[in-house]
Amino acid sequence: KQVDEAGGWNGYKGQLLFWSNEGEGVYPTPLFEAVLTDMSSEEGLSNVTLRNVRNNFIPAGMLIDRDNQAENEQEDQETRKELEEFQGDTNSGKLLYLTLRNGEEAPEFKPFDTHTTDKDFTEAEAKTPQIIGRAFQQPPILRAEDVGANFGADLMRNAYDFYNSITETERDILSSIFKRVFKLWHDHTVNPEQEYEILPKVYRVNSTLAERLGANIDKVLELIFDTTKSRQAKEVILKKIYGLNDEEVTDLLEGVAL
C-alpha cells in the first residue's frame, strides 16, 4: 500500500526501525564520547612521531644568515629551496654543499631550547590507549596487548567470556528486534525456526566444536536428531544461528539418518 501511494518502487523510501539504548526517541551517545579527548591525544602523539620521523629527528631551530643585501635576494631564495629539499625522511642526512665568498660569515644554526620530553611522550603513548580501552570495558588482551603471560588460551577464553558478558544485554535486545522485524517477512523458509539469537564470540584456536558451542551443544544435538525438520532447515539453522561452516554442517548431518 505504501509503495502504491508513493507511485511505485522508484518513489518508495522504505521503512526505518530506530532503536536506542537511551530510550524511545533519544539518540544514543557513543561509548567513546567520554574519551574523545584521549582519542585526540593519540592522534596528536602520532602526529609528533610522524613529524620527527619525516625530519630525521633533527632538532627544531632557526638558521641565521647575516647577509641580507638586496642583490643577494635570488641567492637567498635558492638557498632556502636547497634547505627545504634537504629536509624529510628521504633526504635528511645527505650532504649539503654551500660556498662562502671571502669575508662572508657562515650561517649560524640555533636550536630551540626545549627540555627532554622522551619520558613524557612514552608515558602518554602507553597510557592513552589504556584509557580508550577502558571506556569499552575491554580486556587489554583482546586489544593484542601482552598482559605479562603472553596470549595463553585460558586467558583469552576468560577475556572472551568477560567481554561477552558486557555485550550480553545489547545482543539480547538486538536479537528481539530482528525477530520482531522478520516475523513480518514474507518468506519464512529462510529461517523457519524464527531464531535470531546473536551468538557470543568464541575463542576458537585449537578448540573442539563442543567447546565452541558451549551451552548450545544440547540444542544442536537435539536439532540434528529432530525428525520433524528437513535437512535444508537444519542446515540453515546450523549455519545462520550457530555459526557452523559448510564442512562442519555436512559432517554432522551425514552421520545422522534423516
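This text gives an overview of the structure that appears in the document. (Residues numbered from 1 in each chain as written. Predicted model: local features only at pLDDT ≥ 70, side-chain atom pairs only at ≥ 80, totals over all residues. Heavy atoms only, no water.)

1. As for the overall build of the protein chain
Next, step 1: When helices and strands are tallied, the protein chain shows nine helices and two strands.
Next, step 2: For the protein chain, the sequential pattern of α-helices and β-strands runs α-α-β-α-β-α-α-α-α-α-α.
Next, step 3: Among the 258 residues that make up the protein chain, the fraction classed as buried is 17%.
Next, step 4: For the protein chain, long-range pairs separated by at least 24 residues make up 54% of all intrachain contacts whose partners lie at least 6 apart in sequence.
Next, step 5: Put simply, the protein chain shows about 19700 Å² of open surface, and 52% of that area lies on carbon and sulfur atoms. (Helix = DSSP H or I, 4+ residues; strand = E, 2+ residues; numbered from the N terminus. Buried < 20%, exposed > 50% of the residue type's maximum accessible area, 1.4 Å probe, protein only. Contact = heavy atoms within 4.5 Å. Areas by Shrake-Rupley, 256 points an atom, 1.4 Å probe, with all protein chains shown as cover.)

2. Side note on a nonpolar patch on the surface
Next, step 1: A contiguous nonpolar surface patch, about 310 Å² in accessible area, is contributed by W19, L174, F178 and I198.
Next, step 2: As for its position among the elements, L174 is in helix α5 (residues 153-182).
Next, step 3: The exposure class assigned to L174 is partly exposed, which follows from its relative accessible area of 32%. (Patch = residues over 30% accessible without salt bridge, like charges linked within 9 Å, V, L, I, M, F, W, Y side chains within 5 Å. Salt bridge = Lys/Arg side-chain N within 4 Å of Asp/Glu carboxyl O.)

3. Quick word on the nonpolar core
Next, step 1: Within the largest apolar cluster, eleven residues are counted, these being L213, V220, L223, I224, I237, L238, I241, Y242, L244, V249 and L253.
Next, step 2: Among the secondary structure elements, those contributing two or more residues to this core are α7 (217-224), α8 (231-240) and α9 (246-254).
Next, step 3: Looking at which element gives the most residues to this core, the answer is α7, with three residues.
Next, step 4: If we ignore the near neighbours within four places in the chain, the residues touching L244 are L209, R212, L213, L238, K239, V249 and L252. (Core = buried A, V, L, I, M, F, W, Y, C linked by side-chain atoms within 4.5 Å.)

4. Concerning the packing of aromatic side chains
Next, step 1: Within this structure, the stated rule accounts for five aromatic pairs.
Next, step 2: Between F182 and Y196, the aromatic rings sit 5.2 Å apart at their centres with planes inclined by 15°, giving stacked as the arrangement. Of this pair, F182 sits in helix α5 while Y196 sits in the loop between α5 and α6 (209-213), placing them 14 residues apart in sequence.
Next, step 3: Among the residues examined, F182 registers a relative accessible area of 26% and is labelled partly exposed.
Next, step 4: Residue class for Y196 comes out buried when judged on its relative accessible area of 19%. (Phe/Tyr/Trp six-rings, centres within 6.5 Å; stacked < 30°, edge-to-face > 60°.)

5. A short note on the packing of α8 against α9
Next, step 1: Two elements in contact, α8 and α9, have axes whose closest approach is 10 Å; the angle formed by their N-to-C orientations is 135°. In terms of orientation, α8 lies oblique with respect to α9. Seen along the crossing, α8 lies across α9 with a hand that is right-handed. Two secondary-structure elements touch here, α8 through R231, K234, E235, L238 and K239 and α9 through D246, V249, T250, L253 and E254.
Next, step 2: Tallied by class, residues from the contact of α8 with α9 come to three nonpolar, one polar and six charged. (Axes fitted to C-alpha atoms, helices over the stretch in contact; angles between N-to-C directions. Parallel < 35°, antiparallel > 145°, perpendicular 65-115°, else oblique. Left-handed = near helix turned anticlockwise from the far one by under 90°. Nonpolar A, V, L, I, M, F, W, Y, C, P; charged D, E, K, R; others polar.)

6. Observations concerning the packing of α7 against α8
Next, step 1: For the pair α7 and α8, interaxial distance at closest approach is 10 Å and the crossing angle is 165°. Considered as vectors, α7 and α8 are oriented roughly antiparallel to each other. Regarding α7 and α8, the two cross each other, and that crossing is left-handed. Across from V220, L223 and I224 in α7, the residues of α8 making contact are K234, I237 and L238.
Next, step 2: Classifying every residue of the contact of α7 with α8 gives five nonpolar, no polar and one charged.

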